[in-house]
Amino acid sequence: MANTLVTTDFRFPGQTAVYHGKVRDVYTIDDDLMVMIATDRISAFDVILPEGIPYKGQVLNQIAATFLDATVDIVPNWKLATPDPMVTVGYKCEGFRVEMIIRGYLTGSAWREYEAGCRELCGVKLPDGMRENERFPEPIITPTTKADAGHDENISREEIISQGIVSAEDYEVMERYTRALFAKGTEMAAEKGLILVDTKYEFGKRDGKVILIDEIHTPDSSRYFYADGYEARFENGEPQKQLSKEFVRQWLIQHDFMGKAGQKVPEMTPDFIESVSSRYIELYEHITGKTFEKAPEAHLVERIERNVLDCLDQLKK
């Protein structure tokens, strides 16, 4: 099996901070730039699973770069360069403590809550009589608080503003950007025979302006259905064929794990790990329309360090 990158410990020139997230490791340079490394870690139910997934970091980074470039005329973003298949370098922004989740269809956690009787999600009223995987009349925005550790929590627009987490003015901009990005992502997915079902965006602020940060439209942050056969499966009450991380969640649920206290992560066999890697690569090829070219995985750490150092040198010139 291919090598995976699950931990990093770089010391870049001018490095002023480092943050190790669930999947990404972010290095701050001179308090002005950020080096974001997409590792091969995988998380589900806000738990980092014990095994890395080959090429997952490359898939996430390259899909995100594709969409950041494709939407920069709609929403300003933090990206400056992608010096390595697993790395993006960009501007440091002051991140907002919320994630903007937008849903076009009733599925996943929203469906689980709906099925349990919930008819209001993050302050958004949901109509009675909806079925799993049904399209909403209009996409709904269901924000969550952004937790450093543990579970993110649902929160309403009104609570975000009243608690001073985000100003009303900035939230309005984030909401407008969220809808514009989702519309563009939906259009790009449709061109490739896919449905962008739901996704999340993160925003920050730089020089007084709201900026799109982090990744967008990757299988870690988004859910895609295959458009072909959607209607027939929906009418028949059958599961949708999808490209997302949901199949990992479902596998964990089947093995009695949902991130709750006392539950043990099931063994991730080599066959399962390989299947997850293949699904990530499959999504990359579908959503970008390009053949995935596996980057050399020998000497991963040395390759990343060399490419980042070259990039930082160029940016300082």
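Quick note: structure is the one above.
Our subject in this report is the structure included herewith. (Residues numbered from 1 in each chain as written. Predicted model: local features only at pLDDT ≥ 70, side-chain atom pairs only at ≥ 80, totals over all residues. Heavy atoms only, no water.)

### Brief notes about the overall build of the protein chain
At step 1: When you go through the protein chain residue by residue, the secondary structure sums to eight helices and 17 strands.
At step 2: Against the globule reference of 20 Å for 317 residues, the protein chain gives a C-alpha radius of gyration of 19 Å, in line with a compact fold.
At step 3: In terms of overall dimensions, the protein chain has C-alpha extents of about 60 × 50 × 45 Å along its principal axes.
At step 4: For the protein chain, the proportion of its 317 residues judged to be buried stands at 50%.
At step 5: Sequence-distant contacts, at least 24 apart, represent 65% of the contacts inside the protein chain between residues at least 6 apart.
At step 6: Side-chain charges of the protein chain comprise 38 positive and 54 negative groups, with the mean position of each set lying 1 Å from the other. (Helix = DSSP H or I, 4+ residues; strand = E, 2+ residues; numbered from the N terminus. Rg over C-alpha atoms; globule rule 2.2 N^0.38 Å. Buried < 20%, exposed > 50% of the residue type's maximum accessible area, 1.4 Å probe, protein only. Contact = heavy atoms within 4.5 Å. Lys, Arg positive; Asp, Glu negative; His and termini not counted. Charge placed at Lys NZ, Arg CZ, Asp CG, Glu CD.)

### Notes on the side chain of D220
At step 1: Looking at the element boundaries, D220 is found in the loop between strand 15 (209-213) and strand 16 (222-226).
At step 2: Taking the relative accessible area as the measure of exposure, D220 reaches 13% and is therefore buried.
At step 3: Among the polar contacts made by the side chain of D220, one reaches the side chain of Y280 at a distance of 2.5 Å. (Polar contact = N/O pair within 3.5 Å; in protein donor to acceptor, adjacent residues only side chain to side chain.)

### Quick look at the sheet that holds strand 3 (residues 33-38)
At step 1: In spatial order, the strands read 1-2-3-7-6; together these five strands make up an open sheet with antiparallel pairing. Here the strands that pair on one side only, and so sit at the sheet edges, are strand 1 (15-20) and strand 6 (79-84). Here the strands of the sheet are splayed against their neighbours by 20° on average, with no regard to which way each runs.
At step 2: In this sheet, strand 7 (residues 87-91) lies alongside strand 6 in antiparallel orientation, the contact comprising three bridges. The residue of strand 7 that forms the bridge with K79 is G90.
At step 3: Helix 1 (residues 56-71) rests against strand 2 (24-29), strand 3, strand 6 and strand 7 of the sheet, and its axis sits at about 145° to strand 6.
At step 4: The sheet contacts of helix 8 (residues 300-316) involve strand 2, strand 3, strand 6 and strand 7, and relative to strand 6 the element is tilted by about 140°. (Pairing = 2+ DSSP bridges. Axes fitted to C-alpha atoms, helices over the stretch in contact; angles between N-to-C directions.)

### Let's talk about the packing of helix 1 against helix 7 (residues 270-288)
At step 1: In the contact formed by helix 1 and helix 7, the axes pass within 9 Å of each other and the chain directions differ by 20°. Classified by the angle between their axes, helix 1 and helix 7 sit roughly parallel to one another. Pair helix 1 / helix 7 crosses with left-handed handedness. Note on element contacts: helix 7 touches helix 1 through Y280, I281, L283, Y284, I287 and T288, opposite K56, V59, L60, Q62, I63, T66 and F67.
At step 2: Here the contact of helix 1 with helix 7 is built from residues that sort into nine nonpolar, three polar and one charged. (Parallel < 35°, antiparallel > 145°, perpendicular 65-115°, else oblique. Left-handed = near helix turned anticlockwise from the far one by under 90°. Nonpolar A, V, L, I, M, F, W, Y, C, P; charged D, E, K, R; others polar.)

### Remarks on unusual backbone geometry
Most of the time, phi is negative for any residue but glycine, and the peptide bond is trans.
At step 1: The phi angle at N133 is positive, at roughly 70°, despite the residue not being glycine.
At step 2: Checked against the element boundaries, N133 lands in the loop between strand 11 (124-125) and strand 12 (134-141).
At step 3: Positive phi, normally seen in glycine, also occurs at D214, with a value near 65°.
At step 4: By the secondary structure assignment, D214 is in the loop between strand 15 and strand 16.
At step 5: Of the residues examined, D214 reaches a relative accessible area of 15% and is grouped as buried.

### Quick notes on the packing of aromatic side chains
At step 1: Tallied over the full model, the rule gives 12 aromatic pairs.
At step 2: Summarising the aromatic geometry, the rings of W111 and Y114 are spaced 5.9 Å apart at their centres and angled 25° between planes, so their arrangement reads as stacked. Taken as a pair, W111 and Y114 lie in helix 2 (residues 108-115) at a separation of three residues, close to a single helical turn.
At step 3: A relative accessible area of 4% places Y114 in the buried class.
At step 4: Connected via pairs of aromatic rings, a cluster forms that spans Y105, F225, Y230 and F234.
At step 5: It is R131 that lies over the ring of F234; its NZ or CZ is 4.2 Å from the centre.
At step 6: Over the aromatic face of F247 sits the side chain of R279, whose NZ or CZ is 4.0 Å from the ring centroid. (Phe/Tyr/Trp six-rings, centres within 6.5 Å; stacked < 30°, edge-to-face > 60°. Lys NZ or Arg CZ within 6 Å of the ring centre and 35° of its normal.)

### A short note on the pattern of salt bridges
Between side chains of opposite charge, a pair can form as their charged atoms come close.
At step 1: Tallied over the full model, the rule gives 16 salt bridges.
At step 2: One salt bridge connects R119 with D128, and the closest N-O pair in it is separated by 2.8 Å.
At step 3: Between K125 and E120 there is a salt bridge, and its shortest N-O distance comes to 2.7 Å.
At step 4: Overall, E120 belongs to the partly exposed group, its relative accessible area being 39%.
At step 5: Where salt bridges share partners, they join E99, K200 and E202 into one cluster. (Salt bridge = Lys/Arg side-chain N within 4 Å of Asp/Glu carboxyl O.)

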